[in-house]
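Residue strings, one per chain:
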Amino acid sequence: RVIKIHPPIQDVNPAEDRFRPFYRRIAERRIILMVHTGSEYSSDVTDPALTDPARLVPALEEGCTVVAAHSAMGSFLDPRPFREDFFQHLVDLAGRFPKLYCDTAVLASLFRWRTIPRLLDAPALVGRVIYASDWPFTSNALVFWNRLNPGRLLSLCSERNLFERDVRLKRALGLPRDAFERGAQLLPETRPKAARD
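Residues numbered from 1 in each chain as written. Predicted model: local features only at pLDDT ≥ 70, side-chain atom pairs only at ≥ 80, totals over all residues. Heavy atoms only, no water.

Asker: Outline the pattern of salt bridges, listing residues and values.
Answerer: Tallying each qualifying case throughout the model produces 10 salt bridges. Here Glu28 makes a salt bridge to Arg25, at a shortest N to O gap of 3.7 Å. Note that Glu28 and Arg25 are positioned in helix H2 (residues 20–28) at a spacing of three residues, about one turn of the helix. By relative accessible area, which is 46% here, Arg25 ends up partly exposed. Put simply, Arg182 and Asp178 hold a salt bridge, and the shortest N to O gap is 2.9 Å. Note that Arg182 and Asp178 are positioned in helix H9 (residues 177–186) at a spacing of four residues, about one turn of the helix. With relative accessibility at 9%, the residue Arg182 sits in the buried group. Given a relative accessible area of 33%, Asp178 falls into the partly exposed group. It is possible to trace a salt-bridge network through shared partners that takes in Asp17, Arg20, Arg24, Glu61 and Glu62. (Salt bridge = Lys/Arg side-chain N within 4 Å of Asp/Glu carboxyl O. Helix = DSSP H or I, 4+ residues; strand = E, 2+ residues; numbered from the N terminus. Buried < 20%, exposed > 50% of the residue type's maximum accessible area, 1.4 Å probe, protein only.)

Take a look at the structure:
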């Protein structure tokens, strides 16, 4: 149902024209293409520039439904030489390609505390956001102390189920309800025909 590509770890440039037949094929098969965009710290990377969503244009031109994982967001930890911000490229592409989506994976973690508010302030993207957690990378309600009332903040900090905490925190920050449903809506029907009848 979904193919995930991690360009900076796999050393793949999604913009290369040689991938166009591959993109056409997965578009025909209605397979979703998920591509890592934005900073990466969980593994060694070959080239941080490979995370630029502008490199997804060939896949989008070939008709793919594309999810820009992590919404091309950077991190507070990004070193100076790589502190290029690709988020605006994602916003620009959303205006051109209706099959481009982005997700919220890891965007409520300690070092990405600016990202959710920024995503919600981008009208071109709000209707394209898909909820994702990137579990077990935990969300951290404390970094949003200035956006949450004290009671809600305390409740979120005491939530022991890390997945539940992530969902509740992103709801509290204003992630719209349809963002939590959009992933299921994008996936093609998975039940066997007999089960649907």
